[in-house]
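# Observations on the three-dimensional arrangement
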Amino acid sequence: MSDRFLVSGGARLSGEVAVGGAKNSVLKLMAAALLAEGTTRLTNSPEIADVPLMADVLRGLGAVVRIDHDTVEIDAPAEPKYHADFDAVKQFRASVCVLGPLMARCHRAVVALPGGDAIGSRPLDMHQAGLRALGAHSSIEHGCVVAEADTLVGAPVALEFPSVGATENILMAAVLADGVTTIDNAAREPEVVDLCVMLQQMGARIDGAGTSTLTVTGVDRLHPTTHRVVGDRIVGATWGIAAVMTRGDVTVHGVVPEHLQLVLNKLVDAGAQVDRFTDGFRVRQENRPVAVNVSTLPFPGFPTDLQPMAIGMAAIADGMSVITENVFEARFRFVEEMVRLGADARTDGHHAVVRGSERLSSAPVWCSDIRAGAGLVLAGLVADGVTEVHDVEHIDRGYPRFVENLRSLGGAIERVG
Ligand code: UD1
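Only a predicted model underlies this, so the values are computations on that prediction, with no experimental measurement involved.

## Re the site of the ligand
By nearness alone, 21 residues border the ligand, and Asp125, Met126, Ser163, Asp305 and Val327 come closest of all. In this structure, lysine 28 approaches the ligand through a side-chain N or O atom, which is 2.7 Å from an oxygen atom. Its free accessible area being 740 Å², the ligand has 87% of it covered by the protein chains. Judged by its atoms lying within 2 Å of the grid points, the ligand is housed in the largest pocket. When residues of the shell around the ligand are traced back to their parent elements, those giving at least two are α1 (23-32), α5 (125-133) and α6 (164-174). Considering only residue class, the shell around the ligand consists of eight nonpolar, six polar and seven charged.

This is how it looks when you write it as structure tokens:
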């Protein structure tokens, strides 16, 4: 049986919390290390379960990987293997980001289709279309994405949707291609920018980082580098939303507040006082939060990864909130768990209508993915009694030292086996 959290409701969170590097950045940066023979060093890496899993994927490809707390060193081989097999990748979705680097280095890749979060269908058609534009053949064979090219040649690529993963894979394939690649409708997430910054440090020529058009001029080779992983805005915002829900006072360090502009504005709309500073922000909430509407969109829109926490906040807010999910269609599945906690929530297609209740009431609930898990814990913090959150291994994948951090802020939570 997997571990559970016992969360006792009622505490007001207060204090300071430091956030480490972003999960959605570090895993791609680890893959990008394959692009240059030699030792690339990442600092501010989060101590989450997905980092050692990614290390295993890279080891399977011939790299030597050392992890020491928040430092990860990847010694990439002269000739990486090109086959990431099912055993290595099945446990998590981000493993697919080795596709681009393998195409760049080996001109071929076989990457087993990963498992991952239960948040909806996650096809790879845009990843494949991008590689095809660069001259590769790509198909799905026996449960693997297979791609191959005699040589990769820069080309224009227009994404149908600003997919984070497709942008990153095409970018990593293009940095060593012949000639110029443009990626239109590219994702602008801070984690994509972080990848661009590291690739530039490695010698890649990339213009337009942080905009929706990336222009990549291929170079012959890249060199290893040392890079500090950007702070995890999703973890930071989780603590900010927790402060609002518990009417607390929480200061978050280690996150760039500009990466959370819209989210922090929503917290202000909900009644919070928010102070922003260079490496973080402080959120103070006195009264019951006011209902706010939220619509998830690619960056700089409201992150889909914070949608479960937004529903948690809506569940106890004064008034009715409409939460619209535009990125992952199945992400509302977790709303059923919120209903077990007494939330008055209904979903219809892309929309959830949530009428805020004065109180939630504890119940056993089950995490279906990382962010749903965090949303359920936040709801447990404001529910009467002790909420049992099951399958918390999901939370371990994205939140380092979750229990310790929450306790340090005054939250009553314990982990039981
Ligand atoms: C990344 C993040 C995830 C976040 C998401 C959106 C990582 C490890 N994960 O996931 O936490 O929620 O960005 O910000 O960084 N799609 C296609 N075809 C494709 C690729 C994507 O249809 O080839 C669709 C997906 O099904 C989804 C949407 O595009 O509906 C966005 O997906 P994408 O931005 O690619 O998310 P990920 O990179 O998988």
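Back to the write-up after that little detour.
## Details of the packing of α1 against helix α2 (residues 50-60)
Their axes nearest at 10 Å, the elements α1 and α2 cross at an angle of 15°. Classified by the interaxial angle, the pair formed by α1 and α2 is roughly parallel. Of the two elements, α1 crosses α2, and the hand of that crossing is right-handed. Facing Lys23, Val26, Leu27, Met30 and Ala31 of α1, the residues of α2 in contact are Asp50, Val51, Met54, Ala55 and Leu58. Residues belonging to the contact of α1 with α2 are distributed by class as follows: eight nonpolar, no polar and two charged.

## Here we look at the sheet that holds strand β21 (residues 351-355)
Strand order in the open sheet formed by four strands is β18-β19-β21-β20, with mixed pairing between adjacent strands. The open sheet is flanked by β18 (294-295) and β20 (344-348), the only strands paired with a single partner. Pairing of β18 with strand β19 (residues 320-324) involves two bridges; the strand directions are parallel. Bridged to valine 294 within β19 is isoleucine 323. Strands β18, β19 and β21 of the sheet are contacted by helix α10 (residues 307-316), whose axis makes an angle of about 30° with β21.

## Re the sheet that holds strand β10 (residues 156-158)
If you walk across this open sheet you meet the four strands as β10-β11-β13-β12, and the pairing is mixed. The open sheet is flanked by β10 and β12 (205-207), the only strands paired with a single partner. Recorded for the sheet is a direction-independent mean angle of 15° between the axes of neighbouring strands. Note: β10 against strand β11 (residues 180-184), three bridges, orientation parallel. Paired with valine 157 across the bridge in β11 is isoleucine 183.

## Comments concerning the pairing of strand β16 (residues 273-277)
Remark: a regular strand shows side chains that alternate across the two faces of the sheet. Bridging between β16 and strand β17 (residues 280-284) involves five bridges; their strand directions are antiparallel. Paired with arginine 276 across the strands is phenylalanine 281, a residue of β17. Taking the residues between adjacent antiparallel strands as the criterion, β16 and β17 are bridged by two residues.

## Brief notes about the layout of surface pockets
Space inside the largest pocket adds up to approximately 920 Å³. As for the largest pocket, its lining consists of 45 residues, of which Arg122, Val164, Gly165, Val327 and Phe328 are closest to the centre. Among the secondary structure elements, those contributing two or more residues to the lining of the largest pocket are α1, α5, α6, α8 (233-245) and α12 (370-381). Ranked by residue count, the leading element in the lining of the largest pocket is α6, at five residues. The class makeup of the residues in the lining of the largest pocket is 20 nonpolar, nine polar and 16 charged.

Rules used in this analysis
Residues numbered from 1 in each chain as written. Predicted model: local features only at pLDDT ≥ 70, side-chain atom pairs only at ≥ 80, totals over all residues. Heavy atoms only, no water. Near = heavy atom within 4 Å. Polar contact = N/O pair within 3.5 Å; in protein donor to acceptor, adjacent residues only side chain to side chain. Areas by Shrake-Rupley, 256 points an atom, 1.4 Å probe, with all protein chains shown as cover. 1 Å grid on protein atoms, 1.4 Å probe; cavity = no way out; pocket = protein on both sides within 12 Å on 5 of 7 lines; lining within 4 Å. Sits in = over half its atoms within 2 Å of the grid points. Helix = DSSP H or I, 4+ residues; strand = E, 2+ residues; numbered from the N terminus. Nonpolar A, V, L, I, M, F, W, Y, C, P; charged D, E, K, R; others polar. Axes fitted to C-alpha atoms, helices over the stretch in contact; angles between N-to-C directions. Parallel < 35°, antiparallel > 145°, perpendicular 65-115°, else oblique. Left-handed = near helix turned anticlockwise from the far one by under 90°. Contact = heavy atoms within 4.5 Å. Pairing = 2+ DSSP bridges. Points joined across faces, edges and corners; volume = space filled by probe spheres on them.

By themselves these figures say nothing about function.
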